Amino acid sequence: MPVMRLDKIIAGAGLSTRSEAKKLIRAGRVTVEGRTVEDPAAHCDSGADVRLDGRQVRWQEYLYLMMNKPAGYLSVTEDPRAPTVLELLPPELRRRNLSPAGRLDKDSEGLLILTSDGDFCHRVISPKSGVEKEYYIEVLDPFPPGAEELFRAGAVLEDGEVCLPARLEPAADRFSARVFLREGKYHQVKRMAVAAGTKVKYLKRLSVGGVALDENLGPGQYRELTAAELQKICEESDNLHK
Ligand code: URA
């Protein structure tokens, strides 16, 4: 574990800004291995038992969240015209430099990963990593026969762009389906549905890299990814590089 300044450890746990952390330390509210330390510049091991008001503080270099994105929010960090997914987070998390790892459209819902780790973000998004994303969609007209083959062969979009092979699994009535992609072009699922002769009216992302949206998360709610979930996504992105 790296050795670092105590104010950085407190701020890095998402609890406060660096200047707030300094004040908390000077006020005698922070202990390291059971001893009160009042110097914000004191150095200690980031794995040490650090406590604020008796509660253990866990330093993390990066943060990884899964959110159940509701419709009506943009998957960007800032936009003056509409609310963004960051506005669903409390101030202490908004300060953590989080960005969405792959976008969902304003009217789309479901699993959105937010992270401050730029490399991880790239892994999730890059078609070279091939991390699979799973969507549930409902369409206006039933998928015509042959739509599965069109997705499998690599759909050609209305502007001539060619998609990587994907999987379409329509329900029995063909008015809804699961779609599995390993890339993320602009409005890709909606444009693939148009290429197949129908139109998406509802879209929800169900999983990324084999990690499913936690069904306990209501719209707008979020939680940290577990270490196992993080590892699963990283392993999936590594597999395709081999
Ligand atoms: N494809 C789309 O068309 N929209 C999304 O939000 C995600 C994938």
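These numbers come from a predicted model, not from an experiment.

## Concerning the side chain of Ser116
Move 1: Mapped onto the secondary structure, Ser116 falls in the loop between strand E9 (109-115) and helix H4 (118-125).
Move 2: Among the polar contacts listed, one links the side chain of Ser116 to the backbone nitrogen of Leu63, at a separation of 2.9 Å.

## Digging into the domain arrangement of the protein chain
Move 1: Splitting the protein chain by domain gives domain 1 (3-56), domain 2 (64-127 + 216-232) and domain 3 (132-208).
Move 2: Just the C-alpha atoms count here: the centres of domain 1 and domain 3 sit 49 Å apart.

## Quick word on helix H2 (residues 18-26)
Move 1: Turning to H2, its buried residues number three or more, namely Ala21, Leu24 and Ile25. Along H2, the residues classed as buried sweep out an arc of 95° about the axis, all on the same side. Along H2, exposed side chains directed more than 90 degrees from the buried face belong to Lys23 and Arg26.
Move 2: Those residues of H2 that are buried lie in contact with helix H1 (6-12), strand E2 (30-32) and strand E5 (50-52).

## Focus on the state of the cysteines
A covalent bond bridging the sulfur atoms of two cysteines is what the word disulfide describes.
Move 1: Summed over all chains, the structure comprises 0 disulfides.
Move 2: The thiol of Cys234 is unpaired, and the distance to the nearest cysteine sulfur, on Cys121, comes to 12 Å.

## Side note on the packing of aromatic side chains
Move 1: In the structure shown here, the tally under the stated rule is 3 aromatic pairs.
Move 2: Summarising the aromatic geometry, the rings of Tyr64 and Phe120 are spaced 5.2 Å apart at their centres and angled 85° between planes, so their arrangement reads as edge-to-face. Residue Tyr64 is located in strand E7 (residues 64-69), and its partner Phe120 is located in helix H4; the two are separated by 56 residues in the primary sequence. The pair Tyr64 / Phe120 is uniform in exposure class, with both members buried.
Move 3: Ring centres 6.3 Å apart and planes at 90° place the aromatic pair Phe143 and Phe151 in the edge-to-face group.
Move 4: The exposure class of Phe143 is buried, given its relative accessible area of 2%.
Move 5: Exposure remark for Phe151: the relative accessible area of 0% places this residue in the buried category.
Move 6: Note that Arg167 overlies the ring of Phe180, its terminal NZ or CZ placed 3.9 Å from the centroid.

## Things to note about the site of the ligand
Move 1: Surveying the vicinity of the ligand reveals the residues Leu104, Asp105, Ser108, Tyr135, His187, Gln188, Val189, Lys190 and Leu203.
Move 2: Contact distances for the ligand include 3.4 Å between an oxygen atom and a backbone N or O atom of Gln188.
Move 3: For the ligand, a nitrogen atom lies 3.1 Å from a polar atom in the backbone of Val189.
Move 4: Within the complex, the protein chains bury 95% of what would otherwise be the 230 Å² of accessible surface of the ligand.
Move 5: With respect to the detected pockets, the ligand is housed in the largest pocket.
Move 6: For the shell around the ligand, the element with the highest residue contribution is helix H6 (residues 188-195), accounting for 3 residues.
Move 7: Among the residues forming the shell around the ligand, the class breakdown is 4 nonpolar, 3 polar and 2 charged.
Move 8: Counting only domains with at least three residues in the shell around the ligand, you end up with domain 2 (64-127 + 216-232) and domain 3 (132-208).

## A few points about the nonpolar core
Within soluble globular proteins, side chains that are nonpolar generally end up buried alongside one another.
Move 1: Leu114 and Ile137 are the most contacted members of the largest nonpolar core, which has 31 residues in total.
Move 2: Of all the elements in the fold, those that place two or more residues in this core are E7, E9, strand E10 (133-139), helix H5 (147-153), strand E12 (176-181), H6 and strand E13 (200-208).
Move 3: Looking at this core, you find at least three residues from each of domain 2 (64-127 + 216-232) and domain 3 (132-208).
Move 4: Sequence-distant contacts of Ile137, defined by excluding residues within four places in its chain, comprise Phe143, Phe175, Ser176, Ala177, Val179, Val189, Val200, Tyr202 and Leu203.
Move 5: Counting 18 residues, the second largest nonpolar core, distinct from the first, contains Ile9, Val32, Val37 and Trp59.

Conventions we followed
- Residues numbered from 1 in each chain as written.
- Predicted model: local features only at pLDDT ≥ 70, side-chain atom pairs only at ≥ 80, totals over all residues.
- Heavy atoms only, no water.
- Helix = DSSP H or I, 4+ residues; strand = E, 2+ residues; numbered from the N terminus.
- Polar contact = N/O pair within 3.5 Å; in protein donor to acceptor, adjacent residues only side chain to side chain.
- Domains from an automatic or database assignment.
- Buried < 20%, exposed > 50% of the residue type's maximum accessible area, 1.4 Å probe, protein only.
- Arc of directions from axis to C-beta.
- Contact = heavy atoms within 4.5 Å.
- Disulfide = S-S within 2.5 Å.
- Phe/Tyr/Trp six-rings, centres within 6.5 Å; stacked < 30°, edge-to-face > 60°.
- Lys NZ or Arg CZ within 6 Å of the ring centre and 35° of its normal.
- Near = heavy atom within 4 Å.
- Areas by Shrake-Rupley, 256 points an atom, 1.4 Å probe, with all protein chains shown as cover.
- 1 Å grid on protein atoms, 1.4 Å probe; cavity = no way out; pocket = protein on both sides within 12 Å on 5 of 7 lines; lining within 4 Å.
- Sits in = over half its atoms within 2 Å of the grid points.
- Nonpolar A, V, L, I, M, F, W, Y, C, P; charged D, E, K, R; others polar.
- Core = buried A, V, L, I, M, F, W, Y, C linked by side-chain atoms within 4.5 Å.

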